[in-house]
2 protein chains.
Amino acid sequence: MNHYLEYAIQLAEMTEGQTGTNPAVGAVIVKDGRIIGFGAHLKKGERHAEIQAIDMAGSEQVKGATIYVSLEPCSHYGSTPPCAQRIIDTGIAKVVYAAKDTTLQETGHDMMAQHGIEVAYRPHPRAQQLYADFYNSKEEAVPIVTVKVSASLDGKQATDHFESQWITSKAVKADVFQLRHTHDAILTGNGTLTHDNPSLTTRIEDGHHPAKVILSRSGKINWDAQLFQDRVTPIYIYTENQALSTSMDHVEIIYQTNIQIEAVLKDLYQKGYGRVLVEAGPNVTSQFLASRFVTHFILYLAPKIIGGQGVNQFYQTEFVTPLNQLPQFEIVHTDILDTDIKLHMQRK
Amino acid sequence: MNHYLEYAIQLAEMTEGQTGTNPAVGAVIVKDGRIIGFGAHLKKGERHAEIQAIDMAGSEQVKGATIYVSLEPCSHYGSTPPCAQRIIDTGIAKVVYAAKDTTLQETGHDMMAQHGIEVAYRPHPRAQQLYADFYNSKEEAVPIVTVKVSASLDGKQATDHFESQWITSKAVKADVFQLRHTHDAILTGNGTLTHDNPSLTTRIEDGHHPAKVILSRSGKINWDAQLFQDRVTPIYIYTENQALSTSMDHVEIIYQTNIQIEAVLKDLYQKGYGRVLVEAGPNVTSQFLASRFVTHFILYLAPKIIGGQGVNQFYQTEFVTPLNQLPQFEIVHTDILDTDIKLHMQRK
């Protein structure tokens, strides 16, 4: 195991959720057994990780050095010139990276190797996972989608009377804040606005408030909802109601004749949102879980049983699906948070 | 728990062993819920972590931001101007740090607070440990000392015939390379040169080769030893033999009338070495373990029993110590490495 490559991946992970539809990337430059530069891509349109690290190291020091990058350096002119070219120009001797860029015709690897740089591809599971999600998202032009559900052991988000406050513990609340922080938009339904009236903010110090997305066919929006009180973070309302309008500057209303998850996601991606967290009631949650647009499914289970008639079961479908056609998930990680359990799953 | 403060500490840990007698420090600057700069102190005499991070963020962006630092920003003019002053000048609004700088009269905390900056001290166990070692070392003007021993279950470094190769597993070897990488000097005795003939290098990719220090009262040095073949890394020989000399440029001979651990360590500290790893035979190892100059004691135990008369027991003393006066250690961490166990201890 190479520690420098691990460090580069750690840097990428630190910036997850702040790079929009660009991938989070980290870089470490090493010379004579000593780190001489760190870098991470901090914002779409700004310097790439490799360039940040080269700038920190300085153009003299960087000659003959090795750069460790979480992702293969890019070979194309986007909003910035290709990193592979900059690496060639600065006289870096060796490049080690942990995941391939599968979206480009000419690879950064070949480009650098042709200029006599020693280039090593060292697949690393954590980097592979990080970028697999990213490339799927880029190819489909839809964001990475995380569906979050807090439920009782019998699969209910609330009682039949819509009581749901504090089903899960404070530790789950804190974990959800961190989850929000690492996404750039939160999507919910109008039902949640009505029943729960959440503010959907990130109550962590210096945390990032994701944009808010509301799906409402009817467009019967409760404009007094808490969520509208934050006048800075953008809010998008997707509706089938052509008459819906607002005077609020931070609210944008998008009319669609027939609201479908795919069209909403594609529109959000075009707007620059790369990671969307779905925090909604049974209606919207079920639509997502039944679709193929779920990258991560985070289920917090409180050791309670709610019972009733199941008005708020988190997964409800109009028709019966045969057992062998059910959506399948793979558990990738579990955690005990105070009294509750967290299951992190991916669609199989 | 604040993630940004954790990130700052992670950055410090990535650079441990490359800052000489300066502490390893990491910094992260955050604005509007987004990381805008990373920094770490990379080498004594070069920019401090805070300055690196400010430079990455840029002077415009940094205004009104929060900086998270593993250690309280400095308030004194050393080889660089005080970071506290730079933080004031750049218009940073808030400073959060994880450990106090106990060596300075005027504190960075007070200096910044007097200029209206919100300053928060959040003690963090990992940072506290990192800097407790550093301040003890600075106060006594001796390096942080790690004693490393590989032994059988019956406490022997070798058989009575000095056979010791491969007592521990390959995994231990790899761990020792990482240990060497995070120290700036390795100290050994002349006996180890004679019996084991080690090269004392760091066989990890882009690893750092620590300087080598040899204690030899007699000065009967085997100049053909492997260790001398690396002509780049500095070698220091401490001896009581006034006649000892060499023509090798990378070897420095230091004459002392009566070699004592304390004087050797003080001299190494003056030369700029902040972290010394002791990898030696029973003689030198025992002198260190009996002394008060052991910050960390790493013991790798192989599940073997060697027996014999105990010529190479790792701890040997001339006189008997009463049980209640024995050196005591506290186990801070254990690990299973392949077939062996690693005990990380600190002097109580």
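This structure is a prediction, so every number in the text was calculated from the model and none was measured. (Residues numbered from 1 in each chain as written. Chains lettered and ligands numbered in written order. Predicted model: local features only at pLDDT ≥ 70, side-chain atom pairs only at ≥ 80, totals over all residues. Heavy atoms only, no water.)

1. Thoughts on helix α3 (residues 83-90) of chain B
Residue and element names in this part refer to chain B. Note the threshold: Working definition: with a 1.4 Å probe on protein chains only, accessible area under 20% of the residue-type maximum means buried, over 50% means exposed, and in between means partly exposed. Only DSSP runs of H or I reaching four residues or more are called helices, and only runs of E reaching two or more are called strands; each is numbered from the N terminus. Residues are treated as being in contact if the distance between any of their heavy atoms lies within 4.5 Å.
For α3, every residue scored as buried is listed here: C83, A84, I87, I88 and T90. Looking at the buried positions of α3, the neighbouring elements they touch are α2 (49-57), β3 (66-69), β4 (94-97) and α4 (108-114). Looking at the residues trailing α3, positive phi occurs at G91, about 85°.

2. A short note on the packing of aromatic side chains
Where we set the bar: Two aromatic rings from Phe, Tyr or Trp, using only the six-membered ring of Trp, form a pair when their centres are within 6.5 Å; if the ring planes differ by under 30 degrees the pair is stacked, by over 60 it is edge-to-face, and anything between is tilted. Placement of a charge over a ring requires the Lys NZ or Arg CZ to be within 6 Å of the ring centre, with the centre-to-atom vector within 35 degrees of the ring normal.
This model, assessed by the stated rule, comprises 16 aromatic pairs over all chains. Here the aromatic rings of Y4 of chain B and Y68 of chain B are separated by 5.2 Å at their centres, their planes lie at 35°, and the arrangement is tilted. Note that Y4 of chain B is positioned in helix α1 (residues 3-14) and Y68 of chain B in strand β3, a separation of 64 residues in sequence. Given a relative accessible area of 5%, Y4 of chain B falls into the buried group. An aromatic cluster is defined as three or more aromatic residues linked by ring pairs; in this entry it consists of Y4, Y7 and Y68 of chain A. Above the ring of F329 of chain A, the side-chain terminus of R347 of chain A is found at 5.8 Å from the ring centroid. The ring of Y121 of chain B carries K100 of chain B above its face, with NZ or CZ at 4.8 Å from the centroid.

3. Comments concerning the environment of I306 of chain A
All names here are of chain A. Residue placement: I306 occurs in the loop between β12 (296-302) and β13 (329-337). Counting along the chain gives 153 residues from I306 to L153, while the straight-line C-alpha distance between them is 8.0 Å. Dropping the residues within four chain positions of it, I306 is found in contact with S152, D154, K156, A158, T159 and I167.

4. Section: the UniProt feature "binding site: Zn(2+)" (unreviewed entry) in chain A
Residue and element names in this part refer to chain A. Put simply, the rule is: UniProt positions are given in the numbering used here, feature names are shortened, and annotations may be inferred rather than shown by experiment.
With numbering matched to this structure, UniProt assigns "binding site: Zn(2+)" (unreviewed entry) to H48, C74 and C83. These residues run over 36 residues, yet every pair of their C-alpha atoms falls within 9.3 Å of each other. For H48, the position within the fold is in the loop between β2 (34-40) and α2 (49-57). You can see C74 is positioned in the loop between β3 (66-69) and α3 (83-90). On the basis of relative accessibility, which here comes to 7%, the residue C74 falls in the buried class. Those residues within four positions of C74 in sequence are excluded, and the remaining contacts are H48, E50, P82, C83, A84 and L104.

5. Re the packing of α2 of chain B against α3 of chain B
All names here are of chain B. We apply this condition: Think of each axis as a best-fit line through the C-alpha atoms, taken over the contacting stretch in the case of a helix, with angles from 0 to 180 degrees between the N-to-C directions. Oblique is the label for every angle not falling under 35 degrees (roughly parallel), over 145 degrees (roughly antiparallel), or within 65 to 115 degrees (roughly perpendicular). Crossings are classed by handedness, with left-handed meaning an anticlockwise turn of the near helix from the far one by less than a right angle and right-handed meaning a clockwise turn. Polarity classes work like this: nonpolar for Ala, Val, Leu, Ile, Met, Phe, Trp, Tyr, Cys and Pro, charged for Asp, Glu, Lys and Arg, and polar for all others, with Gly in that last group.
Between α2 and α3, whose axes approach to 9 Å, the crossing angle comes to 25°. Accordingly, the angle class assigned to the pair α2 and α3 is roughly parallel. Seen from above, α2 lies across α3 with left-handed handedness. Where α2 abuts α3, its residues E50, I51, I54 and D55 lie against C83, R86, I87 and T90. Tallied by class, residues from the contact of α2 with α3 come to 4 nonpolar, 1 polar and 3 charged.

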